[in-house]
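# Results of the structural survey
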Amino acid sequence: MRGLGFEEVFALLGAVQLSAADLVRLRDWVAGVAHPDECIALIEGAATGRPCPHCGCARKHRCGQASGLQRFRCLGCRRSHNALTGTPLARLRKKECWLTYLQCVLDSRTVRDAARVVGVDRTTSFRWRHRFVPGAMRERPTMLGAIVEADETYRLESQKGARKLTRPARKRGGVAQRRGINREHDCLLVARDRNGETLDFHTGRGQVTAAQLGHCLMPVLPPDVLLISDGAMAYRRFANEVGITHEWVNVHAGERARGAIHVQNVNGWHSRFKTWLVRFRGIASRYLIHYSGWQRILDARRLATPAHLLCAAARRW
Ligand SMILES: [Zn+2]
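The following paragraphs examine the structure supplied in this document. (Residues numbered from 1 in each chain as written. Predicted model: local features only at pLDDT ≥ 70, side-chain atom pairs only at ≥ 80, totals over all residues. Heavy atoms only, no water.)

### Quick word on empty space enclosed by the protein
Per the stated rule, a full pass over the model turns up two cavities of 30 Å³ or more. Quantified by volume, the largest cavity comes out at close to 40 Å³. Taken together, Arg155, Leu156, Ser158, Asp186, Ile283, Ala284, Ser285 and Leu288 make up the lining of the largest cavity. Residue classes in the lining of the largest cavity are distributed as four nonpolar, two polar and two charged. Reported here for the second largest cavity is a volume of approximately 30 Å³. Lining the second largest cavity are Tyr101, Cys104, Val105, Arg109, Thr110, Val111, Ala114, Ser125, Arg129 and Trp294. If you list the elements that add at least two residues to the lining of the second largest cavity, you get helix 4 (98-106), helix 5 (111-118) and helix 6 (122-136). Considering each element in turn, the lining of the second largest cavity owes the most residues, three residues, to helix 4. Tallied by class, the residues present in the lining of the second largest cavity amount to six nonpolar, two polar and two charged. (1 Å grid on protein atoms, 1.4 Å probe; cavity = no way out; pocket = protein on both sides within 12 Å on 5 of 7 lines; lining within 4 Å. Points joined across faces, edges and corners; volume = space filled by probe spheres on them. Nonpolar A, V, L, I, M, F, W, Y, C, P; charged D, E, K, R; others polar. Helix = DSSP H or I, 4+ residues; strand = E, 2+ residues; numbered from the N terminus.)

In structure tokens, the structure reads:
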């Protein structure tokens, strides 16, 4: 049988009575279709004018193509590079599928689900996730605003995917050996200002310390900041040591807010993060910061299209 031409398919489609569900399917499908050249053009466009990744020299000449990308020879060090050299996306294959894959990232699909949608192997889907997400999440505010809420959330440490466990295995959905927050928990510290700018830090295992707060927050807090937290001693100690203005809410005693003094924005972020995480059915500790970075990108809605995500991930470290 002769294959249908585009015009014929289009005409047929026009003749079909589409249900609401059909329309959703069709829109999703169209949204996911990308011409292979689109991705290449975005990558090349994002790299325009970049100097040599090896020596920083700006002078180069074209020397052929490789993997669909223009290759350049640097006139300074004579080494060759392309638009992705020195980025997390270097040497990844199947560029024609990347934009579809990035839509899956925006849709928070699991590794398995994204593999099915894009038509790649599950291992590829996994590898891509851990290149694209860390690539895009480098898009971070460098400084927070005048009022910053900070709070931590704790997750039971997980060695999911590890070949060798450093402790006896827990049953799925396991519980900690001891009560309270201890070395079995990973700490995710989140600082969020009143404009919604958000920063996340995996501080390691156990209760956050004043030293860790200093290490994470000092570079991103303006000198005249008002820091707001719950009553945890570490915040009071940290604020005292570095001499910043600090207010705290006695959450444990049921206090929610004293006027503008509250941690509801950061708590809201934590609660959205926890709800969002459920679909992944347990995440490994070593990827915790990837997932919080991913949620941060989605929550901020600044990288809202596959093209935005691609350009952020294709930036050099
Ligand atoms: Zn060079």
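### Let's talk about the sheet that holds strand 4 (residues 147-156)
Within the open sheet, the five strands sit side by side as 6-5-4-7-8. Their pairing is mixed. At either margin of the open sheet sits one strand with a lone partner, and together these are strand 6 (198-205) and strand 8 (245-249). On average, adjacent strands in this sheet sit at an angle of 25 degrees to one another, irrespective of strand direction. As defined by bridge partners, strand 4 adjoins strand 5 (residues 185-193) across nine bridges and the pair is classed as antiparallel. Bridge pairing in strand 5 places Asp151 opposite Val190. Across the sheet, helix 9 (residues 264-277) touches strand 4, strand 5 and strand 6, and the angle it forms with strand 4 is around 30 degrees. (Pairing = 2+ DSSP bridges. Axes fitted to C-alpha atoms, helices over the stretch in contact; angles between N-to-C directions. Contact = heavy atoms within 4.5 Å.)

### Brief notes about the packing of aromatic side chains
What characterises a pair of aromatic rings is the spacing of the ring centres plus the angle enclosed by the ring planes. Applying the stated criterion across every chain yields a total of 15 aromatic pairs. When the ring of Trp276 is compared with that of Phe280, the centres are 5.1 Å apart and the planes differ by 70 degrees; the resulting orientation is edge-to-face. With a relative accessible area of 7%, Trp276 lands in the buried category. Three or more aromatic residues joined by ring pairs form one cluster here, namely Trp269, Phe273, Trp276, Phe280, Tyr291 and Trp294. (Phe/Tyr/Trp six-rings, centres within 6.5 Å; stacked < 30°, edge-to-face > 60°. Buried < 20%, exposed > 50% of the residue type's maximum accessible area, 1.4 Å probe, protein only.)

### Describing the pattern of salt bridges
Scanning the entire structure with this criterion turns up 13 salt bridges. Of the charged contacts, one joins Arg205 and Glu157 as a salt bridge, the two residues approaching to 3.9 Å between their closest N and O atoms. Of this pair, Arg205 sits in strand 6 while Glu157 sits in the loop between strand 4 and strand 5, and the two are 48 residues apart along the sequence. You can call Arg205 partly exposed: its relative accessible area is 31%. In this structure Glu157 comes out as buried when scored by relative accessible area, which is 4%. (Salt bridge = Lys/Arg side-chain N within 4 Å of Asp/Glu carboxyl O.)

### Let's talk about the sheet that holds strand 3 (residues 80-81)
Here we have three strands laid out as an open sheet, ordered 1-2-3, and antiparallel in their pairing. With one partner strand each, in any of the chains shown, strand 1 (60-66) and strand 3 form the two edges of the open sheet. Pairing analysis gives two bridges linking strand 2 (residues 69-74) to strand 3, with the strands arranged antiparallel. The partner of Arg73 across the bridge, within strand 3, is Ser80.

### What about helix 11 (residues 306-313)?
Taken residue by residue, helix 11 has Pro306, Leu309, Leu310, Ala312 and Ala313 as its buried positions. Viewed along the axis of helix 11, the buried residues span an arc of 165 degrees, placing them on a single side of the element. On its buried face, helix 11 is in contact with helix 3 (36-46), helix 4, helix 6 and helix 10 (288-300). (Arc of directions from axis to C-beta.)

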